[in-house]
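Structural overview for review
If you want the building blocks of each chain, they are given just below.
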Amino acid sequence: MRVGSIVALRKAHPCGGRKWKVIRTGADVKLRCMRCGREIWLPRSRLKRLMVKHGLQDKGSSSGENKAVLL
């Protein structure tokens, strides 16, 4: 699990979102909800129990978006 990766948790957030973006890692992990933008801190051990999938692709960031066009 790295900063910027997307993880899916078992329980949905009250807004209905299940996907979270990893903002910061360490003993505690900071996550941002992909649906509403709410940020939470979870201990790494608890996050590992709650995680269903990790390394998901963010639909908004395709590889060609940030490339400069050379003419």
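As a reminder, the structure under discussion sits directly above these lines.
Residues numbered from 1 in each chain as written. Predicted model: local features only at pLDDT ≥ 70, side-chain atom pairs only at ≥ 80, totals over all residues. Heavy atoms only, no water.

**Quick word on the pattern of salt bridges**
- Scanning the entire structure with this criterion turns up two salt bridges.
- The shortest N-O distance in the salt bridge between lysine 30 and glutamate 39 comes to 3.1 Å.
- Its salt-bridge partner being arginine 32, residue glutamate 39 comes within 2.4 Å of it at the nearest N-O pair.
- Arginine 32 gets classed as partly exposed once you look at its relative accessible area, which sits at 33%. (Salt bridge = Lys/Arg side-chain N within 4 Å of Asp/Glu carboxyl O. Buried < 20%, exposed > 50% of the residue type's maximum accessible area, 1.4 Å probe, protein only.)

**Remarks on the state of the cysteines**
- Under the criterion given, the structure shown has zero disulfides.
- Considering cysteine sulfurs only, cysteine 33 is the nearest to cysteine 15, which forms no disulfide, with 3.6 Å between them.
- What makes cysteine 15 partly exposed here is its relative accessible area of 26%. (Disulfide = S-S within 2.5 Å.)

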